[in-house]
Amino acid sequence: MEHDQLFKELLTAFLPEYVRLFHPEVGERLNWSTLSFLANEVFTDFPAGRRRSVDLVGRVETVDGDPELLLLHAEVESARRPAFGLRMFQYYTQLRWRHNLPVLPIALVLASGGGGIAEARHEEQLFGRPVVTFRYRTVSLPDLDGSAYRKSKNPLGPALAALMRVEKGTRAAHKVECLRSVLNQPLDDARRWMLANVVETYLALDNTEEQEFHTLVQAPDFAKEREMIVTWEQRLKQEGRQEGRQEGRHEGRQEGRQEGRQEGLTVGKLQSAIRVANHRYGESPLVRARLEGAGTEAELDLLFDRLLCSESADEFLRDS
């Protein structure tokens, strides 16, 4: 799964947790019970003429005095690009103009070099004087200390800790703690599954680390989590991965990991789509059946986008 799609689904399911984790002073000022997601926001990139899609835009009320609506724009950037600040500014101006509401822009960056939790800015000058200074919040996950988040009570903390910095030689233990925290979160299976997939996808271990990982999870105090991991690995078809590791065949190990990860991501994506559908429309057997009937992962991706764009179950079923 591409970074953008995975994190779009993750932030759809955990947007309040994301803001509370990295921007707590903002999180406490928003009434999350009013959160709804806007239809897929598409803009034309002038003058190139390309069409760009904003990753995620939520509409939410504040709790300060008279409730005030604002748009929460979340963007995921997999690599650090010089033009990203300009793109964030362009999205801001178009969202502000289109909806006539205050916009809070935040960026989740999967590459290092941004200083962790920071404020970035895009500035435009004319004749040596600033004309526009645009500021937006940013989180560069690889710049953060993973040990500070892997035991967080916020369920998103231990999952995203898989993408953070860890001390050399501690990756296996780090993965154990991340999974322990995720599997013990008071969540439904779909949300817990989604977080576990993030850990598996972004905290890949080499042969030596894999052996250390499986030694660590055999500890007596890990019995409950070990049972959950076994179930999880079975669903991910980790038998192929385990066989490849035991026989020392790199190809067998890689094929087993890829096969398991692909099926796990597809199952997690379906469960995420069903949860979003229930949140937007209430439980609908027809909508659930349509999602479960998706024949390919690409079709499921398309249905997920339509979930965010449709205003009702009838509209979703009609368009899909």
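Chains are numbered independently. Their residues run from 1 in the order of the written sequence. For a predicted model such as this one, the threshold for reporting local features is a pLDDT of at least 70, and the threshold for listing and counting side-chain atom pairs is 80 or more; totals across whole chains, interfaces and linings nevertheless cover every residue. In computing side-chain values, all of the structure's heavy atoms are included and hydrogens and water are not.

Asker: Hey, could you run me through unusual backbone geometry in this one?
Answerer: Leaving glycine out, the prevailing phi sign among residues is negative, and the prevailing peptide bond configuration is trans. Its identity as a non-glycine residue notwithstanding, Asn 100 has a phi of 55°, on the positive side. Assignment of secondary structure puts Asn 100 in the loop between helix H3 (84-99) and strand S6 (103-109). Only protein chains enter the area calculation, which uses a 1.4 Å probe; residues under 20% of their type maximum are buried, those over 50% are exposed, and those in between are partly exposed. The exposed category is assigned to Asn 100, whose relative accessible area is 60%. With a phi close to 55°, Phe 127 is a non-glycine residue in the positive phi region. Relative to the helices and strands, Phe 127 resides in the loop between strand S7 (117-126) and strand S8 (129-140). A relative accessible area of 77% places Phe 127 in the exposed class. To qualify as a helix, a DSSP run of H or I must reach at least 4 residues; to qualify as a strand, a run of E must reach at least 2; elements of each kind are numbered from the N terminus.

Asker: I keep staring at the side chain of His 174 and nothing clicks. Help me out?
Answerer: Structurally, His 174 is set in helix H5 (residues 171-183). Under the relative-accessibility criterion, His 174 is labelled buried at 0%. Once residues lying within four places of it in the same chain are set aside, the contact partners of His 174 are Gly 146, Ser 147, Arg 150, Ala 161, Ala 162, Val 166 and Leu 203. In what follows, residue pairs with any heavy atoms lying within 4.5 Å of each other are defined as contacts.

Asker: Is there a simple way to think about the pairing of S8 in this case?
Answerer: Within a regular strand, the side chains alternate between the two sheet faces. With 4 bridges joining them, S6 and S8 adopt parallel strand pairing. Within S8, the position partnered with Ala 107 by the bridge is Thr 138. What makes two strands pair is DSSP finding at least two bridges between them. Pairing of S7 with S8 involves 10 bridges; the strand directions are antiparallel. Among the inter-strand pairings, Ala 120 is bridged to a residue of S8, identified as Tyr 136. Here S7 folds back onto S8 in antiparallel fashion, the turn holding 2 residues, of which Phe 127 has a positive phi close to 55°.

Asker: Where do I start with the packing of H5 against helix H7 (residues 207-216) in this structure?
Answerer: Between N-to-C directions, angles cover 0 to 180 degrees, with each direction set by a line fitted to C-alpha atoms, over the stretch in contact for helices. Where H5 contacts H7, the two axes come as close as 8 Å, and the packing angle between them is 45°. Regarding the angle of H5 to H7, the classification is oblique. The two elements H5 and H7 cross, and the hand of that crossing is right-handed. Here Arg 171, Ala 172, Ala 173, Lys 175, Val 176 and Leu 179 of H5 come into contact with H7, specifically with Glu 209, Glu 212, Phe 213 and Leu 216. Residues are grouped as follows: Ala, Val, Leu, Ile, Met, Phe, Trp, Tyr, Cys and Pro are nonpolar; Asp, Glu, Lys and Arg are charged; every other residue, Gly included, is polar. Here the residues of the contact of H5 with H7 sort into 6 nonpolar, no polar and 4 charged. The cut-offs work like this: below 35 degrees is roughly parallel, past 145 is roughly antiparallel, 65 to 115 is roughly perpendicular, and the gaps in between are oblique. Whether a crossing is left-handed or right-handed is set by the direction in which the near helix is turned from the far one by less than a right angle, anticlockwise for left-handed and clockwise for right-handed.

Asker: In this structure, what is going on with the sheet that holds S6? I would like to understand it.
Answerer: Hydrogen bonding along the main chain pairs the strands of a sheet, whether they run parallel or antiparallel. Taken in spatial order, the 6 strands of this open sheet run S1-S4-S5-S6-S8-S7, and their pairing is mixed. This sheet does not close on itself; its edge strands, each paired only once, are strand S1 (30-37) and S7. The average undirected angle you get between the axes of adjacent strands in this sheet is 30°. Two elements, S1 and strand S4 (residues 56-62), share 4 bridges in a ladder whose sense is antiparallel. Residue Asn 31 lies in a different strand from S4, and its bridge partner there is Glu 61. Strand contacts of H3: S4, strand S5 (69-77), S6, S7 and S8, with the helix running at about 155° to S5, the strand carrying the most contacts.

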